[in-house]
Amino acid sequence: MGGKSIDAMIEERRRETGIAELEGDLQLEERLIYANRTARVTKGGRRFSFSALVVVGDKRGFVGFGHGKAKEVPLAIAKAVEQAKKKIIRVPIINGTVPHDVVGHFGPTKIIVLPARRGTGVVAGGAAKPVFELAGYTDVLTKIIGSTNPDNVVRAVFDALLQLKTPEQVAQERGLPLEEIRRRYRLYAKPKIRVKLYYPWRGIHG
């Protein structure tokens, strides 16, 4: 939602999981989302610089994103990659998909993320698809509502990923048997679900 600090949430998650100690062992892939030119008007004229948004991941549950600015594109990308490595989080993957439905928000952007059957693929548009692919998901259904600005979309996706919980975590939090939680988890989406008419915050299908 608006005003939510995704960076602060990522930092808190990293402290809880101790990911910083594992970063050196990760074999990360990089994906450039965009590299834009920006201009600043000064007394001496217009000064140009470049900004880049990058996603990194090992396709095994570790993924991060970063934003960099510099006077040259390669430097902007390099800065974005370095920042992305400092924002890596670990996400739960069950049979190639997300463990449960979740809705991510950031500013005017909302993204619905649903589990999918094997063979579905990553059904995601724009800047969302690279995040899921580099995280290691092979089958996911998503729907973006609102702004499709890449910065907002990436942060909305990470807001959703930060909400995901494994059956073990839920069982521990609720004090219930693990097998009961696993039965309740819907590991696969319905074959003919109409994603565009799904409203998880209302608990109904349109």
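Note that this is a predicted model, so its numbers are computed, not measured. Numbering of residues starts from 1 in every chain and runs along the sequence as written. With the structure being a predicted model, the display of local features is reserved for residues of pLDDT at least 70 and the display and counting of side-chain atom pairs for 80 or more, all residues being used for whole-chain, interface and lining totals. Heavy atoms throughout the structure, all of them, feed into the side-chain values; hydrogens and water do not.

1. Focus on the overall build of the chain
Helix and strand definitions here come from DSSP, where helices need a minimum of 4 consecutive H or I residues and strands a minimum of 2 consecutive E residues; each element is numbered from the N-terminal end. Per the secondary structure count, the chain includes six helices and ten strands. Type-normalised accessible area, obtained with a 1.4 Å probe on protein chains alone, sets the label of each residue: buried when under 20%, exposed when over 50%, and partly exposed for intermediate values. With 206 residues in all, the chain has 42% of them scored as buried. We call two residues in contact whenever any of their non-hydrogen atoms come within 4.5 Å of each other. Partitioning the intrachain contacts of the chain with sequence separation of at least 6 by distance along the chain shows that 61% fall at a separation of at least 24. For the area figures, the Shrake-Rupley method with a 1.4 Å probe applies, and any residue is considered shielded solely by the protein chains shown. Per element, the accessible surface of the chain, about 11300 Å² overall, is 49% carbon and sulfur.

2. Here's the deal with the pattern of salt bridges
For this analysis, a salt bridge means a side-chain nitrogen from Lys or Arg found within 4 Å of a carboxyl oxygen belonging to Asp or Glu. Inspection of every chain in the model, using the stated rule, returns six salt bridges. Salt-bridge contacts for Glu 16 lead to Arg 13; the nearest nitrogen and oxygen are separated by 4.0 Å. Residue Glu 16 and its partner Arg 13 are both found in helix α1 (residues 6-17); the two are separated by three residues, about one turn of the helix. For Glu 29, the salt bridge identified is with Lys 59, shortest N-O distance 3.6 Å. Here Lys 59 lies in the loop between β2 (45-57) and β3 (62-70) and Glu 29 lies in strand β1 (residues 29-42), a separation of 30 residues in the sequence. Relative accessible area serves as the criterion here: at 40%, Lys 59 is assigned to the partly exposed category.

3. Regarding unusual backbone geometry
With glycine set apart, most residues show a phi of negative sign, and most peptide bonds adopt trans. Of note in the backbone geometry, Lys 59 takes a positive phi value of approximately 60° without being a glycine. Located in the positive-phi region is Asn 95, a residue other than glycine, with phi close to 55°. When its relative accessible area of 36% is taken as the criterion, Asn 95 is described as partly exposed.

4. A few points about the environment of Thr 142
Here Thr 142 lies in strand β8 (residues 140-146). Taking C-alpha positions, Thr 142 is 9.2 Å from Lys 129, a pair spaced 13 residues apart along the chain. Whenever two N or O atoms come within 3.5 Å, that pair is a polar contact, provided that in protein one can donate a hydrogen and the other can accept it, and provided that, for residues adjacent in sequence, both atoms are side-chain atoms. Looking at Thr 142, its side chain comes within polar contact range of the main-chain oxygen of Val 123, at 2.7 Å.

5. A closer look at the pairing of β1
Paired strands, as defined in this entry, are two strands with at least two bridges between them according to DSSP. Strand direction decides the pairing type here: β1 and β2, joined by 13 bridges, are antiparallel. Paired with Leu 32 across the strands is Val 54, a residue of β2.

6. Points about the nonpolar core
As used here, the term nonpolar core means buried Ala, Val, Leu, Ile, Met, Phe, Trp, Tyr and Cys residues forming a set that is joined through side-chain atoms within 4.5 Å. Among the nonpolar cores identified, the biggest contains 33 residues, and Val 63, Phe 132, Tyr 137, Phe 158 and Leu 161 are the most heavily contacted of them. Those elements giving two or more residues to this core turn out to be α1, β2, β3, β5 (102-106), β6 (109-115), α3 (128-135) and α4 (150-163). Ignoring any residue separated from it by four or fewer positions in sequence, one finds Phe 132 in contact with Ile 111, Val 113, Val 122, Ala 124, Tyr 137, Val 140, Thr 142, Val 157 and Leu 161. Grouped together as the second largest cluster of nonpolar side chains are twelve residues, Phe 62, Ala 70, Ala 84 and Ile 88 included.

7. A short note on the confidence of the model for the chain
A residue's pLDDT is simply how confident the predictor is in it, with values from 0 to 100. Per-residue pLDDT for the chain averages 85, and the proportion of residues at 70 or more is 87%. Across residues 201-206 the pLDDT falls below 50, and counting only partners more than four positions away or on other chains, this stretch makes 13 contacts in the model.

8. A short note on α4
Counted at 1.5 Å a residue, the expected span for α4 with its 14 residues is 20 Å, and the 20 Å between its end C-alpha atoms agrees. Counting buried positions over the 14 residues of α4 gives twelve, a clear majority of the element. In this structure Asn 149 caps α4, since a side-chain oxygen of it lies 2.9 Å from the backbone nitrogen of Asp 151. How far a helix is expected to stretch is found by multiplying one less than its residue total by 1.5 Å.

9. Things to note about the sheet that holds β1
Taken in spatial order, the four strands line up as β1-β2-β3-β4 in an open sheet, and their pairing is antiparallel. Across the chains shown, the open sheet's two edge strands, defined by having one partner strand only, are β1 and β4 (89-90). To get an axis, fit a line to the C-alpha atoms, keeping to the stretch in contact for a helix; angles then go from 0 to 180 degrees between the N-to-C directions. Across the face of the sheet, helix α2 (residues 73-85) comes into contact with β1, β2 and β3 while running at roughly 145° to β3. Relative to β3, α4 is tilted by about 155°, and along the sheet it contacts β1, β2, β3 and β4.

10. With respect to the packing of aromatic side chains
For any pair of aromatic rings, the description consists of the separation of the ring centres together with the inter-plane angle of the planes. Pairing of aromatic side chains requires ring centres within 6.5 Å, counting the rings of Phe and Tyr and the six-membered ring of Trp. Pairs whose planes differ by under 30 degrees are stacked, by over 60 edge-to-face, and all others tilted. The full count for this structure, using the stated rule, is two aromatic pairs. The interplanar angle of 55° and the centroid separation of 4.8 Å between the aromatic rings of Phe 65 and Phe 158 together place this pair among those described as tilted. You can see Phe 65 sitting in strand β3 and its partner Phe 158 sitting in helix α4, a full 93 residues away along the chain. Grouping residues by exposure puts Phe 65 and Phe 158 together as buried. Between Phe 132 and Tyr 137 the ring centres are 6.0 Å apart and the planes differ by 65°, which places this aromatic pair in the edge-to-face class. With respect to burial, Phe 132 and Tyr 137 carry one shared label: buried. A positively charged side chain is recorded as over a ring if its NZ (Lys) or CZ (Arg) lies within 6 Å of the ring centre. The angle to the ring normal must also be within 35 degrees. Across the ring face of Phe 106, the terminal group of Arg 155 is positioned such that the distance to the ring centre comes to 6.0 Å.

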